[in-house]
Structure formats: structure tokens, C-alpha cells
Amino acid sequence: MTTPVRVRFCPSPTGSPHVGLVRTALFNWAFARHHGGQIVFRMEDTDKERSTRESYDAILELWRWLGLDWDEGVEVGGPHGPYLQSERGDIYRDVLDRLRASSYTYDCYCRNEEVDARRKAAGSKVQGYDGFCRDLSDEQRDAFVAEGRAPIVRFRMPDGSITWDDAVRGDITFETENVPDYALSRANGDPLYTLVNPVDDAMMQITHVLRGEDLLSSTPRQLALFEALVELGIATSVPVYGHLPYVMGQGNKKLSKRDPEAHALAYREQGFIPEGLLNYLALLGWSIAGDRDVFSMAEMVEAFDIKDVNPNPARFDLKKAEAINTAQMRLLSLDEITHRALPFLKEAGVVGDPVSDADAQLLELAMPLVGERINKLGEAVPMLGFLFVDEADFERDPDDAAKAFDEQGLAVVQAAHDALADVHEWSTASIEEALRVALIEGMELKPRVAFGAVRVAVSGKRVSPPLFESMELLGRDRSLARLRSALG
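Residues numbered from 1 in each chain as written. Predicted model: local features only at pLDDT ≥ 70, side-chain atom pairs only at ≥ 80, totals over all residues. Heavy atoms only, no water.

J.: I'd love a proper account of the sheet that holds strand β3 (residues 72-73), names of residues and values included.
T.: Pairing is parallel across the open sheet formed by 3 strands, whose spatial order is β1-β2-β3. In the strand order of this sheet, the two ends are held by β1 (6-9) and β3, each with one partner. Of the pairings in the sheet, the one linking β1 to strand β2 (residues 38-41) comprises 4 bridges and is parallel in character. Across the sheet, the residue bridging to Arg 8 is Val 40, located in β2. (Pairing = 2+ DSSP bridges. Helix = DSSP H or I, 4+ residues; strand = E, 2+ residues; numbered from the N terminus.)

Shown next as C-alpha cells:
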């Protein structure tokens, strides 16, 4: 790149962050980092009714958890602030005044119902403004003012066509006759998104606007406005635009905020790790190689080229996301998995906060049993809880208990109890030997049948860490007590 790359994150704090928003941010981040560029993080909070501090904090929290760092913007500062649109009102009003003094805009006094009536009378099916106020006479303008009408400012779209080389899709052309003149402000003078977004990009010297495909139809308007901003000395150049593919949900419909898979923070709550979620989101429109799905963010930065992004819609597949997360989990050390799982164990009350010495010692012994078995950090809670719970609070899954403790199952539990009662050197090897002799050799049971009821009796669930190792950690007295309690 001849010009240093500058991209932006510009979310609106109006709800739970969407995975599509994260995918867009990730591609911008990887693009900037690949080219040694800069990332500007601003908040587009001009929607006063829907913007909330809770959403603002959630976005920052999510970005930090994911490790998507930025060089300039909210919480960091920089030379082009403020980075909250709600604090940039004077800037927008100044730009609006300069545009109004030019030939690029005009004041429009029309009411929506008047535009609709003219369209209906003409039998036109074209949506948008009809240009009625483009060339008002002084008399017409005076008449509107005399009625007490406050104008909005409309941008005057040029005649002909607008073509740009989209960074993702190649050459795209729009005929401007299909792009009506659009409003830049409300009647009270407040600027609209159609003005503030390009003005921010101009004044923050953004070189590349990489955004969702849903915004493609607004690009001709922004390009025309940018040409005006350059002419007026507000912008130095027009950024390169690139439109990323839709993220689709079930039924080949665009993934919406109503879909449970769409909420990015939910993945952290479930126990996804940042490496897993980012790795999967990177695959929604891009790949590092045809035969490789698992990679680090450093590898993505090294390989990322915006021209390699596939413009076709990408479908969000939760099972694939979980599989990628599992693969990334397997790359972590046991110590790292323990460190990351600890907040989930604390929140669930499995261990105390702070962790007691006894719990820390037990956790150190227990984590090797599940480190290769859990696919999300949150799974450590149900997998390990039975080892830490007080006996008075120990409970079994009702469905698992009902299936395990039929007549044969209870007989198995009784035989297991009797065999283990004679074991005094309480170790994994001696527990396994005693149970195999009693249940497989003595009762002639298959291992799945032999150990299933015992597993539910001591852990409370059909799925648990390895049985014999778990019983060693539980200890002789607690293991025998749980076998007795299963017998009623």
C-alpha cells in the first residue's frame, strides 16, 4: 500500500453484539495488521433512543476478550477525537453548513405524505425522494417558509453512473437515476447517519471501508458525498470500499439478532475461547488454505488478503463453530485450560473465591482427567462438580439415575460396594481390579453395563471423568458412601 492503511471499527451500542459485527471487525483488524496499518475504534451512538451504556460496555468487553486491539479511539484517545458521535455535534453542524453553502445540497421542505401523493398521482413505483425541491423558485421557497416549514438538507446526486472497484467484489456500477437525493439532516438540524458516517471516515483519514454487504446499496451515496467533501477540503481522498458477504443462519436467511446463534457474548458465557470463536468467524468468507481450517490469529494476519474474501454468503454452522473451538482447546496447555476454566468453576460455586488450598490441590489432580475431554470451558463445571460438592448437597441427574438404577443396576451397585469395601489400598489400579473381578468376571457383564451404574452412583451422571481415577480422588469413604446412598 502506498498510503498507510487506516480502517475503523464503528459499532452502534444498541443491543447485544452480533457475530456478523465481530466477523467484520476481525477482517478489518486482520487487514490492518497485515499491512502494518492502524485501527480506529469509534462508537456510532447517535441513535439516542436505542443506544445504551450497557451495550457500549458489552462491546468493549467483547473486543478485549477477543483480543481485537485498536490504535486510536474510545478508551485510547488520539488526534481525531472525540470518538463518540454524540460528542461530535459541532463538527457535523460545521460540515453541514459548508455543504449548504455549496451546490452539492439543497433545502427540502416536502412532507412525506406529499411525496407519497405525488408518487401515487404519477403512478410511479420508484421509492425515495422525487427531487421536487431541487430547483425551487424564490417564491416557492418563501411560501414554504411562510407556512413555518423547517427544511431538511438533501444531497444532490449527480447525473450518470457511479462505478467503484470494490475490494471484495470488483467493479460495481450504479445508475444514479436509481439513487434518489437523500437527507443529510432532520428538520431540527440534527445530522443523520448518512452524513456523520462519511464525515467521520473523512476526518479520521480512513483509507479502507470494509463493511457488510447489507450496506452496499448506500455506497453510491457515500462516494458522491466524499467527492464533495474532497472538493470542499474536508476529506483528502475517497476511501476504498469493500463489501463482505452476508452471514446466513438457518434456512438460508440472513442471521438476525433474533437468532440465538447471533449473540457473540453468549459464546464466551458458554465457554468458547477467543481463539476458537475468531478462528471460526474467519472462515465465514475466507480461508487460509483449502485443506486447513485451524490456525492462529498471527497466522491469519500473515496470510490475510482482502481479495481472497469470497463474496458469496457464508452460512453460520454452530456444530462447525464448536468443532473449531474444540480444536483450538486442544492446542492449549493443561495449565492454561485450568486457568481459563477457573472463573466458570468459581461462578458455579464448584470452588470458592478465593480458592482454598484443599480445592486447589484437588483441582490440580482432577484437571488432567478432563482437560482432553471438555470442548468448552463451561463443561468443566458439570464434569468436575461431583468431586468438590459437600456430601449433603450431592445430587444425581434424575434421568440418568432412573435409567441406571433398574433391578440389574442396583445389583451392580451392591456388588461394586461389597467389592470395594475390602479394598484398603485406595488407588486407581486397585479400584479397577476390584470392580473388574466383581462385575465383569463375577457377574459376567460387559464393561459398559458393569461400570455405567457405578458411574452414576458416584458422579451423579452417565458422562463423567474416567471412573477409577475419579473414585481415587473422591476417596474411599466418600465413594463407598455414594454407592450406599444409591441403594436407598
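Let's pick the thread back up.
J.: Go over the packing of aromatic side chains, please, and point to the residues and values.
T.: Summed over the entire model, instances satisfying the criterion amount to 15 aromatic pairs. Geometrically, the ring pair formed by Trp 286 and Phe 304 is tilted, given 5.4 Å between the ring centres and 45 degrees between the ring planes. Note that Trp 286 is positioned in the loop between α9 (274-282) and α10 (297-303) and Phe 304 in the loop between α10 and β12 (314-315), a separation of 18 residues in sequence. Through pairs of rings, three or more aromatic residues link up here, namely Phe 9, Phe 41, Trp 63 and Trp 70. In this arrangement the basic side chain of Arg 154 is found over the ring face of Tyr 129, its NZ or CZ atom lying 3.7 Å from the centre. The side chain of Arg 221 reaches across the aromatic face of Tyr 182, ending 5.0 Å from its centre. (Phe/Tyr/Trp six-rings, centres within 6.5 Å; stacked < 30°, edge-to-face > 60°. Lys NZ or Arg CZ within 6 Å of the ring centre and 35° of its normal.)

J.: Lay out helix α19 (residues 467-474) in plain terms, naming residues and giving numbers.
T.: Those residues of α19 lying buried are Leu 467, Phe 468, Ser 470, Met 471 and Leu 474. An end-on view of α19 places all buried positions within 160 degrees of arc, on one side of the element. Contacts from the buried residues of α19 go to α13 (357-370), α14 (380-388), α16 (407-421), α17 (428-442), α18 (447-459) and α20 (476-487). Gly 475 occupies a position one or two residues after α19 and carries a positive phi of about 95 degrees. (Buried < 20%, exposed > 50% of the residue type's maximum accessible area, 1.4 Å probe, protein only. Arc of directions from axis to C-beta. Contact = heavy atoms within 4.5 Å.)

J.: Describe the packing of α13 against α19, naming the residues involved and giving the relevant values.
T.: Each pair of packed helices can be described by the angle between their axes along with the distance between the axes. Running from amino to carboxyl end, α13 crosses α19 at an angle of 175 degrees, the nearest separation of the two axes being 10 Å. When the axes of α13 and α19 are compared, the pair comes out roughly antiparallel. In this structure, α13 contributes Leu 362, Leu 365, Ala 366 and Leu 369 to the contact, and α19 contributes Glu 469, Ser 470 and Leu 473. The residue makeup of the contact of α13 with α19, split by class, is 5 nonpolar, 1 polar and 1 charged. (Axes fitted to C-alpha atoms, helices over the stretch in contact; angles between N-to-C directions. Parallel < 35°, antiparallel > 145°, perpendicular 65-115°, else oblique. Nonpolar A, V, L, I, M, F, W, Y, C, P; charged D, E, K, R; others polar.)

J.: An account of the packing of α9 against helix α11 (residues 318-329) is needed here, citing residue identities and associated values.
T.: Running from amino to carboxyl end, α9 crosses α11 at an angle of 135 degrees, the nearest separation of the two axes being 8 Å. Between α9 and α11, the interaxial angle falls into the category oblique. As α9 runs across α11, the sense of the crossing is right-handed. Judged by residue contacts, Glu 275, Gly 276, Leu 277, Asn 279 and Tyr 280 of α9 engage Lys 320, Ala 321, Ile 324, Asn 325 and Gln 328 from α11. Taken together, the residues of the contact of α9 with α11 sort by class into 4 nonpolar, 4 polar and 2 charged. (Left-handed = near helix turned anticlockwise from the far one by under 90°.)

J.: An account of the pattern of salt bridges is requested, with residue identities and associated values reported.
T.: Under the criterion given, the structure shown has 35 salt bridges. Glu 114 is paired through a salt bridge with Arg 149; the nearest N and O atoms lie 2.6 Å apart. Taken together, the residues span a long stretch of sequence, with Glu 114 in helix α4 (residues 112-122) and Arg 149 in the loop between α5 (138-146) and β5 (152-155) at a distance of 35 residues. Among the ionic pairs, Arg 149 bridges to Glu 147, the shortest N-O distance being 3.0 Å. Take Glu 147: its relative accessible area is 47%, and that puts it in the partly exposed class. It is possible to trace a salt-bridge network through shared partners that takes in Arg 8, Arg 42, Glu 44, Arg 88, Asp 200 and Asp 201. (Salt bridge = Lys/Arg side-chain N within 4 Å of Asp/Glu carboxyl O.)

It is worth stressing that arrangement in space is one thing and function is another; only the former is reported here.
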